[in-house]
Amino acid sequence: MVDRVKDPGHRFTEGEADRAAWSQDGEGVLAVRHSGRDSLLAESVLRDHAEARWRLEVPPLSGRDARTGQMTGVLVGLLGVPFTLYGVVFGAGSLLRDRDDGTLEAERALPLPDWVHAATRLTASGILLALGLTLSVALIHTLMGVDAALSWCVAGAAAGVSGAAIGLGAMSGGGETLSGPLARGISLAMGLLGLGWAFPQVGAHLPIASLGALIRGDTPSVVVAAGTVLLAALACWRFARSCR
């Protein structure tokens, strides 16, 4: 927006404007407080108006640099790793806590199949992890822009649910402290992430590994959803079997 004022130089000096132009001793004067595209555009317009011997052609704004998209992808991928490990901790820790304080025993007194107790824990963990990851991706997307943000949310949520299934399944053996099942679950989750990073063509079809593959640029396939459901079903089956 351009304002015509009586003394543009004074307004610029007083800090009331970032840019000002006026005529002094028969020559045009342009004063700018900050360099940048807007200052170049102002100079270009003034040179055209004064019919100067040489003009400025300000190039149009280009799209986002491809390297920026890669950097934000790696950032979101690294953010998904702790959410996957949180899933392992949630799956194993919630079962151990409820088993030790008697909550699980009280739940099993209800006329429900044993696998329902495991499924509800996985559902709660999955909703919590998916919501947290989605909000984090949305924040990064607002600040920096994230390519294929929906794919990151889906892959990260699937990895979180798969991690919870691994943790719950590892803890369902019974009679163990948290350290053993947690170590096995985290090792398996990190192994799958490494597999997806090293072999993205294979990892794109596997739960958790698809997150590592997405960091490398390979979009996860629909098979990942089926694999996540299968892992959750196996965790529920192992839990129900341990209750017999």
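Everything below is about the structure printed above this text.
Residues numbered from 1 in each chain as written. Predicted model: local features only at pLDDT ≥ 70, side-chain atom pairs only at ≥ 80, totals over all residues. Heavy atoms only, no water.

Chemist: Help me out: how do you make sense of the nonpolar core in this one?
Modeler: One recurring pattern in soluble globular proteins is that nonpolar side chains are buried together. Judged by nonpolar contacts, the single largest core of 24 residues is most densely connected at Val76, Val137, Val146, Trp152, Ile208 and Leu211. Breaking this core down by element, the ones donating at least two residues are helix 3 (66–100), helix 5 (114–143), helix 6 (149–171), helix 7 (179–198) and helix 9 (209–215). The element best represented in this core is helix 6, accounting for six residues. Once residues lying within four places of it in the same chain are set aside, the contact partners of Trp152 are Gly73, Val76, Gly77, Leu133, Val146, Asp147, Leu211, Leu214 and Ile215. Within the second largest apolar cluster, 16 residues are counted, among which are Leu95, Ala165, Cys236 and Cys243. (Core = buried A, V, L, I, M, F, W, Y, C linked by side-chain atoms within 4.5 Å. Buried < 20%, exposed > 50% of the residue type's maximum accessible area, 1.4 Å probe, protein only. Helix = DSSP H or I, 4+ residues; strand = E, 2+ residues; numbered from the N terminus. Contact = heavy atoms within 4.5 Å.)

Chemist: Before we go on, may I ask you to explain the packing of helix 5 against helix 10 (residues 223–242) in this structure?
Modeler: Between two packed helices, what matters for the description is the angle formed by their axes and the separation of those axes. Following both chains from N to C, one finds helix 5 and helix 10 inclined at 135°, their axes separated by 8 Å at the closest point. Taken together, the axis directions place helix 5 and helix 10 in an arrangement best described as oblique. Here helix 5 runs over helix 10; the crossing is right-handed. On the side of helix 5, the interface is formed by Asp114, Trp115, His117, Ala118, Ala119 and Leu122, while helix 10 contributes Ala232, Ala235, Cys236, Phe239 and Ala240. For the contact of helix 5 with helix 10, the class distribution of residues is nine nonpolar, one polar and one charged. (Axes fitted to C-alpha atoms, helices over the stretch in contact; angles between N-to-C directions. Parallel < 35°, antiparallel > 145°, perpendicular 65-115°, else oblique. Left-handed = near helix turned anticlockwise from the far one by under 90°. Nonpolar A, V, L, I, M, F, W, Y, C, P; charged D, E, K, R; others polar.)

Take it as geometry only, folks, not as evidence of what the structure does.
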